[in-house]
Structures are given as C-alpha cells and as structure tokens.
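These are the residues of each chain, in order.
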Amino acid sequence: PETYMKRAASDRKTKIKSLSEADRLVEFALNAFRISEGFSLEDFLSTTDLEVNVLQNKVEALCDKELVEATDIGFRATPFGQRHLNEIVSAFLVV
C-alpha cells in the first residue's frame, strides 16, 4: 500500500474530482440503504453537505411504496425495501 500511495501521489494522471450534488445523493443512497439500521439525518447532512429537502420528496415517495420507513433518527429500508434496493437507488437517479 505504501508504494501504491507514493506512486499515486506522484502520478500526474491522478486527479481529484468533486462529485455533483446529484452524484453525492445517489452515492449516499447506494450505501446508506444497504445498512439494515438505516441512517440518521445527521449522517446525511455531514456526509453529503446537502440540505434535507433534497432527500425529503424522494424518501416520502419511497415510504408511500413501503420500501423505506422513518426511524427515530432518520430512515431505513423496510424488509420489503431490502429485497428491492435497486428500486430505492433508482429513485435517486431521477433528478
């Protein structure tokens, strides 16, 4: 790992790219809904640096489909949603 990191640091082809808001939202959903405990709104805010309203409409629609449920601190996929994670994530792909 040390040699790799040194090469990566000196490689001129290595670039750091910031993700767009839409990409941050999709990446967060892709990871967060896989966790059976779900995620807190605090995790969402600190990880994505996005406002909660960006998440709200999409999560409400997923709750209506019984794919996602609210918890005391945030949201998680329901057992049904765990079996249909692709549908959950695809809801965040539509901008």
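Within each chain, residues carry numbers counting from 1 in the order of the written sequence. Whole-chain, interface and lining totals are the exception, using all residues; otherwise, since this is a predicted model, local features are given only for residues with pLDDT of at least 70 and side-chain atom pairs are given and counted only at 80 or more. The side-chain numbers reported here are obtained from all heavy atoms of the structure, hydrogens and water having been left aside.

1. As for helix 4 (residues 53-64)
Here's step 1: Along its twelve residues, helix 4 runs 17 Å from first to last C-alpha, staying within 8% of the 16 Å computed at 1.5 Å per residue.
Here's step 2: Here's how the labels work: a residue is buried when its accessible area is under 20% of the maximum for its type, exposed when over 50%, partly exposed in between, all with a 1.4 Å probe on protein chains only. For helices the rule is a DSSP run of H or I covering at least 4 residues; for strands it is a run of E covering at least 2, with both sets numbered from the N terminus onward. Looking at helix 4, one finds that the buried residues are Leu55, Lys58, Val59 and Leu62. Burial along helix 4 is one-sided: seen end-on, the buried residues are contained in an arc of 100 degrees. Turned more than 90 degrees away from the buried face of helix 4 sit Asn53, Asn57 and Asp64, all of them exposed.
Here's step 3: On its buried side, helix 4 packs onto helix 2 (21-32), strand 1 (39-40), helix 3 (41-48), strand 2 (68-70), strand 3 (74-77) and helix 6 (85-93).
Here's step 4: Trailing helix 4 by a residue or two, glutamate 66 shows a phi angle of about 60 degrees, which is positive. Working rule for helices: expected span equals 1.5 Å times residues minus one. The arc in question is traced by the directions running from the helix axis to the C-beta atoms. Residue contacts follow a heavy-atom distance rule, with two residues in contact if any of their heavy atoms lie within 4.5 Å.

2. Description of the packing of helix 2 against helix 3
Here's step 1: The axes used here are C-alpha line fits, helices contributing only the stretch in contact, and every angle between their N-to-C directions lies in the interval 0 to 180 degrees. Relative to each other, helix 2 and helix 3 sit at 135 degrees, their axes nearing to 10 Å. What the angle tells us is that helix 2 and helix 3 run oblique. The way helix 2 lies across helix 3 gives a crossing that is right-handed. Of the residues in helix 3, those in contact with Arg24, Leu25 and Phe28 of helix 2 are Asp43, Phe44, Thr47 and Thr48.
Here's step 2: Each residue is assigned to one class: nonpolar for Ala, Val, Leu, Ile, Met, Phe, Trp, Tyr, Cys and Pro, charged for Asp, Glu, Lys and Arg, and polar for all the others, Gly among them. Class assignment for the residues of the contact of helix 2 with helix 3 results in three nonpolar, two polar and two charged. When describing relative orientation, an angle under 35 degrees is termed roughly parallel and one over 145 degrees roughly antiparallel, while 65 to 115 degrees is termed roughly perpendicular and anything else oblique. Less than a right angle of anticlockwise turn of the near helix away from the far helix marks a crossing as left-handed, whereas a clockwise turn marks it as right-handed.

3. Looking at the sheet that holds strand 2
Here's step 1: On the basis of which strands lie adjacent, the open sheet formed by three strands has the order 1-3-2 and antiparallel pairing. One side of each edge strand has no neighbouring strand; the edge strands of this open sheet are strand 1 and strand 2.
Here's step 2: In this scheme, strands are said to pair when DSSP sees at least two bridges between them. Sheet topology note: the strand 1/strand 3 ladder contains two bridges and is antiparallel. Bridge pairing in strand 3 links phenylalanine 39 to phenylalanine 75.
Here's step 3: With respect to the sheet, helix 4 is in contact with strand 1, strand 2 and strand 3, its orientation differing from that of strand 2 by roughly 110 degrees.

4. Observations concerning the nonpolar core
Here's step 1: Core analysis: the largest hydrophobic core is formed by 18 residues, its most contacted members being Phe33, Phe39, Phe44, Leu55, Val68, Ile88 and Phe92.
Here's step 2: Elements that contribute at least two residues to this core include exactly helix 2, helix 4, strand 3 and helix 6.
Here's step 3: The element best represented in this core is helix 2, accounting for five residues.
Here's step 4: Discounting residues that sit within four places of it in the chain, phenylalanine 39 has contacts with Phe28, Ala32, Phe33, Phe44, Leu55, Ile73, Gly74 and Phe75. Remark: nonpolar core denotes a set of buried residues (Ala, Val, Leu, Ile, Met, Phe, Trp, Tyr, Cys) joined through side-chain atoms within 4.5 Å.

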